[in-house]
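Chain and residue survey
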Amino acid sequence: MWPVILFSLYSLGISSACDFTPSCPQETGIVCRVTKPAALVLNEKTTEVIQAAFRHASFPNITGEKSVGFLGQVTYGLTNIQVSNLSIENSEVELKEDEAIEIIIKNVSASFKGTLNYGYGTWFVNVEQLIDFEIFSSIDLHVNNKLICGNNRIAADTSDCYLTFHKLILHLHGDKEPGWFKQLFTDLISFTLKLVLKSQICKEINHAANILAAFIQEQAEDFLSYGDIGMNIDITSFPIIKENYMESYHKGHLVYKNLSVYYNTSIFSPSHLTDNRMVYFWFSEPVLDNLVLAYFLEQHLALSLTAAELQDILQEDNTESNQEILQQIFQERPANHNAAKVWSLTAPRIKITPQGTVVTSSVAVHINTSSSADLYFEVETVTVVRASYADKKLMLHPSDPLVHVKNVRSSLLISLNEEEISQFLGTAVSKHGIPAIAKRLETALTSLMNSKGLHLFDIINPEIIPHDVSAI
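Residues numbered from 1 in each chain as written. Predicted model: local features only at pLDDT ≥ 70, side-chain atom pairs only at ≥ 80, totals over all residues. Heavy atoms only, no water.

To keep it simple, the criterion reads: UniProt positions are given in the numbering used here, feature names are shortened, and annotations may be inferred rather than shown by experiment.
The chain is annotated in an unreviewed UniProt entry as Cholesteryl ester transfer protein from Eleutherodactylus coqui. The Subcellular location (unreviewed entry) field of the UniProt record for the chain holds the comment "Secreted". A UniProt comment under Sequence similarities (unreviewed entry) is attached to the chain, and it reads "Belongs to the BPI/LBP/Plunc superfamily. BPI/LBP family."

Here it is, written out as structure tokens:
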């Protein structure tokens, strides 16, 4: 989903301590790595966040007083302060290893408008309706974001935030006072104004961080959830910053109804990922296995086939020896009539290898005919599946299936014996059934991901890489 979201996730945060135990790293099921090239590209979005921080900052009234020679006690107040004419020249980002994400925003030009009330001597002059002020400023903003943990999620300490003023010019509209009078108020309020601007702008950045960090992580959690199936993405250790990448470690524990599945056998190592791509996600086998388990328990791993759909699968192997069984299954049957049900008998198992994801499954198939004759059989399959993503669609490529047909029960009026029927069904499943199921899974999973908003992002040259991490 996720390049802009991820950079914001790392750059922004909340506050609160987390307590990690020595076993926490072993619970790591999901790892996210954002590399320096991504940070440089996404730095363009940083200016938008800073601009929003300036525009949405709420500035308090500034008041002060000072004894000034012959004028006596001078009092002043700046009210209704608002920002306008905001522009940013450029921004830079640097990853400071084991320290922080350094963001430097250069030449932030802004005008601050409001109303000036002032008085001096033995009387008070209120010219709020007559004298408005405008302050022209040029500022550099420097923020060091330290990655921390807050409420078991990624957070950032943005307290190391400061502003450098290159220009701060006060202009009083319609004033008839001499030049020294304007200079006096410039000198009086400039120091106080700098402190207020720093406090409010940095506070607004932190406020935006709290909102965005919560939203981003809620979205990430929602992306891995469906109905009653949820995923705990709490972090298992403090995020790290290296010279070329940032990395965070998450549990990826299944949360399903009253079932919570944990594991303590993470085998992730930083060497499993490289710096060649902008964003990496690493998923452990237990995360994928447990998601499949939940989908099985929720009875999502089942489908019905119409006569036309079943015929497309079985007729692919329409040899003369199989004519008898095909004829009885499809005789006088409407194309849209439900002809078969397919469902998993047990939760499929996942094994990651360099060749692809090995899926082991046990499936039952029930075919009924128009004459109420039935054909029931069970199939155990082991299939290598490679996945790819292009044109905003997930594609599954099954290969090398091993198929074992068992428990065949048939009331079809045919001359084929059980061995011949099993041979026919095994060929049909391996050559045509498994690819057909893969196509349906492609559509269903793509639709599920798009419902989470993945199609709204342009993902350039994505690659899904299976690794035998136990061998690395």
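1. Side note on the sheet that holds strand E11 (residues 259-261)
Selection criterion: Strands qualify as paired when DSSP identifies two bridges or more between them. Numbering goes from the N terminus for both helices and strands, where a helix is a DSSP run of H or I of at least four residues and a strand is a run of E of at least two. Every angle, taken between N-to-C directions, lies between 0 and 180 degrees, and every axis is a line fitted to C-alpha atoms, over only the stretch in contact when it is a helix. Here, two residues are considered to be in contact whenever any of their heavy atoms come within 4.5 Å of each other.
In space, the 3 strands of this open sheet follow the order E7-E10-E11, with antiparallel pairing throughout. The outermost strands of the open sheet, each flanked by one partner alone, are strand E7 (229-232) and E11. Strand-to-strand twist across the sheet, computed as the mean angle between neighbouring axes with direction ignored, equals 20°. Pairing geometry for E7 and strand E10 (residues 253-256), over 4 bridges, is antiparallel. Paired with asparagine 232 across the bridge in E10 is histidine 253. In the packing of helix H4 (residues 285-297) onto the sheet, the strands contacted are E7, E10 and E11, and the crossing angle to E7 comes to about 160°.

2. With respect to the pairing of E10
Inspection of the sheet shows E10 paired to E11 by 3 bridges, in the antiparallel sense. Its bridge partner lying in E11, leucine 254 is registered against valine 261. Two successive antiparallel strands, E10 and E11, enclose a turn made up of 2 residues, where lysine 257 displays a positive phi of approximately 50°.

3. With respect to the packing of aromatic side chains
Think of a pair of aromatic rings as described by two things: how far the centres are apart, and how the planes are tilted against each other in angle. For the record, the criterion: Paired rings are identified among Phe, Tyr and Trp, the last through its six-membered ring, by centres lying within 6.5 Å, and are further divided according to the angle between planes into stacked (under 30 degrees), edge-to-face (over 60) and tilted (the rest). Geometrically, a lysine NZ or arginine CZ counts as sitting over a ring once it is within 6 Å of the ring centre and also within 35 degrees of the ring normal.
Overall, the coordinates contain 6 aromatic pairs when judged by the stated rule. Arranged with centres 6.4 Å apart and planes meeting at 45°, the rings of tryptophan 343 and tyrosine 376 form a pair that is tilted. Pair noted here: tryptophan 343 is in strand E14 (residues 338-344) and tyrosine 376 is in strand E17 (residues 374-390), with a separation of 33 residues, a long-range link. Grouping aromatic residues by their ring pairs yields a cluster made of Tyr249, Phe268 and Trp282. For the cation-ring pair, arginine 33 lies above tyrosine 245, with the distance from its terminal atom to the ring centre recorded as 3.7 Å.

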